[in-house]
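A structural walkthrough
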Amino acid sequence: MSGPRQGRLVDAYDLVIFDLDGVVYLIDEPIPGAVEAIGRLHDEGRSVSYATNNASRRAADVAELLTGMGVPAGADEVVTSAGAAAAVLAGRLAPGDRVLVVGADALRDEIGEVGLVSVDRADEEPVAVVQGYGPRVGWAELAEAALAVRAGAIWVATNTDRTLPSPRGPLPGNGSLVAVLRTALDRDPDIVVGKPAPGLFRTGAERVGASRPLVVGDRLDTDIEGAVRAGMDSLLVLTGVSDARELLGAPAERRPTFVGYDLRGLFDVDGVVRVPAGEPASGGWRVTGDGLRLDGSGSTLDALAALCAAAWSRSVACEVAPTAGSEPARTALRELGLTG
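Cut-off values and rules
- Residues numbered from 1 in each chain as written.
- Predicted model: local features only at pLDDT ≥ 70, side-chain atom pairs only at ≥ 80, totals over all residues.
- Heavy atoms only, no water.
- Pairing = 2+ DSSP bridges.
- Helix = DSSP H or I, 4+ residues; strand = E, 2+ residues; numbered from the N terminus.
- Contact = heavy atoms within 4.5 Å.
- Axes fitted to C-alpha atoms, helices over the stretch in contact; angles between N-to-C directions.
- Salt bridge = Lys/Arg side-chain N within 4 Å of Asp/Glu carboxyl O.
- Buried < 20%, exposed > 50% of the residue type's maximum accessible area, 1.4 Å probe, protein only.
- Phe/Tyr/Trp six-rings, centres within 6.5 Å; stacked < 30°, edge-to-face > 60°.

**A look at the sheet that holds strand β6 (residues 98-102)**
One open sheet holds the 5 strands; their spatial order is β7-β6-β8-β9-β12, and the pairing between them is parallel. Strands with a single pairing partner mark the edges of an open sheet, and in this sheet they are β7 (117-119) and β12 (191-192). Looking at chain direction, β6 and strand β8 (residues 128-131) are connected through 4 bridges and run parallel. Across the sheet, V99 pairs through a bridge with A128, a residue of β8. Docked against the sheet, helix α6 (residues 174-185) engages β8 and β9 (154-157), running at close to 155 degrees with respect to β9.

**A short note on the pairing of strand β19 (residues 293-296)**
Relative to β19, strand β18 (residues 285-288) is paired through 4 bridges, and the arrangement is antiparallel. Across the sheet, the residue bridging to V287 is L294, located in β19.

**Some remarks on the sheet that holds strand β14 (residues 233-237)**
Strands in a sheet are paired, the pairing made by backbone hydrogen bonds, and the direction either parallel or antiparallel. Ordered in space as β5-β4-β1-β13-β14-β15-β16, the 7 strands form an open sheet in which the pairing is mixed. The outermost strands of the open sheet, each flanked by one partner alone, are β5 (78-80) and β16 (272-274). Going from strand to strand, the sheet's axes swing by 20 degrees on average, the running direction of each strand aside. For strand β15 (residues 258-260) and β16, the ladder comprises 3 bridges, and the chain directions are antiparallel. The residue of β16 that forms the bridge with F258 is R274. Together, β4 (48-52) and β5 form the strand contacts of helix α2 (residues 59-68), whose direction differs from that of β5 by roughly 130 degrees.

**Side note on the pattern of salt bridges**
Pairs can form between side chains of opposite charge whenever their charged atoms are close. Under the counting rule described, the total for this entry stands at 22 salt bridges. D19 is paired through a salt bridge with K195; the nearest N and O atoms lie 2.8 Å apart. Taken as a pair, D19 in the loop between β1 (15-18) and β2 (25-26) and K195 in the loop between β12 and α7 (199-208) lie far apart in primary sequence, 176 residues in all. You can call D19 buried: its relative accessible area is 7%. K195 sits in the buried class, given a relative accessible area of 1%. One salt bridge connects R264 with D262, and the closest N-O pair in it is separated by 2.5 Å. When its relative accessible area of 45% is taken as the criterion, R264 is described as partly exposed. Here D262 falls in the buried class, since its relative accessible area comes to 13%. Overlapping salt bridges bring together R8, D11, R40, E44 and R46 as one network.

**Quick word on the packing of aromatic side chains**
Tallying each qualifying case throughout the model produces 1 aromatic pair. Taking the centre distance of 5.9 Å and the plane angle of 25 degrees together, the rings of F18 and Y50 count as stacked. With F18 in strand β1 and Y50 in strand β4, the pair connects residues that are 32 residues apart, well separated along the chain. By the burial criterion, F18 is buried, and Y50 matches it.

Given below as structure tokens:
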């Protein structure tokens, strides 16, 4: 961690809550080092939880997917936005009420599990619309949802992630599909269940009675902001959506406690750094001037910590590209994707 290296990050927490897409895997392929890191947590008897905004799988399906990748996981360790959305609707509606479902079969199954009836058309008079990610969602489903909401149905979105990560780059997420309805209806959903709302993280912590959880995510606008709202420390890993450039411009509500390359930073003291908002100096680096000039030498992660400290100390978001004042600085900026 920043400054003199301390103990393993994981030793300071009694639960690690993982996002999935971009943290543990990309689509269905594990991210290098993830399987080994989570396996090590299990071997040490540590509590883990998985909190995902992806509503296309039920908790048992997520656990099965993880187990197939070599990560031992149980359905009781998984909290999904689909299950959370169904629970919210069950608390507001009467058993047997109709809900128009826009999304994958997993979301329909969750709606049925809580005693509600899923329908596909607005003329079936649903009292609510629930919208989650589904790879086959198209115009026809969105049109029915728009008609139902205009007729007075409650509109619940499982999440509003604009994109989801993939090996080919970011792809449209549920937030992009929600934006279609938002444009057509000229209004926002009545309820957004998933991150950055803190509910998924709090549910994961409550299940195991954790008092000091650590949230691990790849997105500042969902995982990290959700952790801040929940009052939990967080680790941003640079394996998914958010990168170093986005981190430098992050507002206070989206700033993680730590940054690491990947999940190996949970155990490797050189693979994670605290990102303070104090002096713009860290591990042999210093940042000076209005242009975020990086001088000195040291580890690349310590360079990122120094840059964050300088950028975050400003009263307005940093939009200036950092510059290098030494050859090691040029190397560090290149490794962080902060050149060009």
